[in-house]
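Structural characterization, general
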2 protein chains.
Amino acid sequence: MAQRKSLADSSCPVARALDIVGERWALLIVRDAFDGVRRFGEFQESLGIARNILADRLRLLVDAAVLEVVPASDGSAYQEYALTPKGEALFPVIVTLRQWGEANLFARGEKHSQLIDRASGKPVAKLTLRTASGIAPAARGTYVKKVAA
Amino acid sequence: MAQRKSLADSSCPVARALDIVGERWALLIVRDAFDGVRRFGEFQESLGIARNILADRLRLLVDAAVLEVVPASDGSAYQEYALTPKGEALFPVIVTLRQWGEANLFARGEKHSQLIDRASGKPVAKLTLRTASGIAPAARGTYVKKVAA
């Protein structure tokens, strides 16, 4: 698939990222993994997708080293899927998608799931992108410098 | 398509977000819009995708109020696509995808495009998710509280 290859080889990190996670089921599987889902049947129940599609997406995520197959945590014969460090590093992507959805895709007063801070038991406060020295520039305050051809 | 509907109606903000932007071309179009791309032909040249696929993805983004069709900025007869405020609000999603790509998908020393701060002319420093009172909890320090059925 030439178009997939062109994204994987892109000098744009956004394009390379989307070559792996630019697909709804891939990111919903990652979301579920953060929520503690580990087994094929649990993913299937949560997502309600066909087994062949789920198997394909899990395989792609394992191939991309976002998930790894590990022995069942309870000692049974089941395989489980666990986030690798590379997969754990997708947490900010999931959080920014959540926050965009919360702010833009729900009617006033419409209920949605919430991200809770275990330490305080309260919803995680609105997150902003910041550099070490302060709030990050808005989109208009930045530009993308391409790699010289 | 029942599965798309189920995501749009989900009580999970991540799922609702992915109903709109859970597709590589949708987010690459949004990326290009942040980079100043506005016309159909410019998107096509940048993305290298078929006209019918591009037209479909642009229509979906306009329907979702992420993009809006505006008169050409030079007074010509062309239509242009501009980010709405809802679309502008996707900037953190693009930045977190970029940073995940930069950190995980390039070999050491391999060149990639950079996000530059216009004010300083320097690359935007590594961004972290923070609450108003400090650094945000890591994934393991949070859980998702579902809406009561």
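Cut-offs applied
Residues numbered from 1 in each chain as written. Chains lettered and ligands numbered in written order. Predicted model: local features only at pLDDT ≥ 70, side-chain atom pairs only at ≥ 80, totals over all residues. Heavy atoms only, no water. Contact = heavy atoms within 4.5 Å. Buried area = accessible area lost by both parts, 1.4 Å probe. Salt bridge = Lys/Arg side-chain N within 4 Å of Asp/Glu carboxyl O. Polar contact = N/O pair within 3.5 Å; in protein donor to acceptor, adjacent residues only side chain to side chain. Helix = DSSP H or I, 4+ residues; strand = E, 2+ residues; numbered from the N terminus. Nonpolar A, V, L, I, M, F, W, Y, C, P; charged D, E, K, R; others polar. Pairing = 2+ DSSP bridges. Least-squares fit on C-alpha atoms with pLDDT ≥ 70 in both. Buried < 20%, exposed > 50% of the residue type's maximum accessible area, 1.4 Å probe, protein only. Arc of directions from axis to C-beta.

What follows covers the interface of chain A and chain B. Counting residues at the interface gives 76 residues for chain A, matched by 76 residues for chain B. Taken as a group, Arg-24, Trp-100 and Leu-129 of chain A account for 11% of the area that chain A buries against chain B, more than any other trio of residues on that side. At the boundary of chain A with chain B, the tally comes to 6 salt bridges. For Asp-19 of chain B, the salt bridge goes to Arg-24 of chain A, with nearest N and O atoms at 3.4 Å. Between the two partners, chain A and chain B, sit 25 residue pairs in polar contact (both at pLDDT 80 or more). At the level of secondary structure, the elements contributing two or more residues to the side of chain A that touches chain B comprise α1 (2–8), α2 (13–21), α3 (24–34), α6 (85–88), α7 (91–104), β3 (114–117), β4 (128–131) and β6 (142–145) of chain A. Top contributing element to the side of chain A that touches chain B by residue count: α7 of chain A, with 12 residues. Along the lines of polarity and charge, the residues of the side of chain A that touches chain B split into 41 nonpolar, 15 polar and 20 charged. Sheet topology places β6 of chain A next to strand β3 (residues 114–117) of chain B; 4 bridges connect them, and they run antiparallel. Bridge pairing in β3 of chain B links Val-144 of chain A to Leu-115 of chain B.

This part takes up the relation of the copies chain A and chain B. Note on the identical chains: chain A maps onto chain B by a rotation of 180° and an axial translation of 0.0 Å, with an RMSD of 0.0 Å. Such a combination of turn and shift is consistent with a two-fold rotation axis. When the interface residues of chain A are mapped onto chain B, 100% of them again lie at the interface, so the same face is used by both copies.

Residue and element names in this part refer to chain B. Among all positions of helix α4 (residues 40–47), only Phe-40, Phe-43 and Leu-47 are buried. Angularly, the buried residues of α4 cover 65° about the axis, an arc narrow enough to put them on a single face. At its buried positions, α4 is contacted by α3 (24–34), α5 (51–63) and β2 (79–83). Gly-48 occupies a position one or two residues after α4 and carries a positive phi of about 65°.

Within the fold, Tyr-143 of chain A resides in strand β6. Sequence separation of Tyr-143 of chain A and Leu-47 of chain A is 96 residues, and the distance between their C-alpha atoms is 37 Å. In this view, Tyr-143 of chain A contacts Gln-114, Leu-115, Ile-116 and Arg-118 of chain B; residues no more than four positions away in its chain are not counted.

Geometry only, nothing functional implied.
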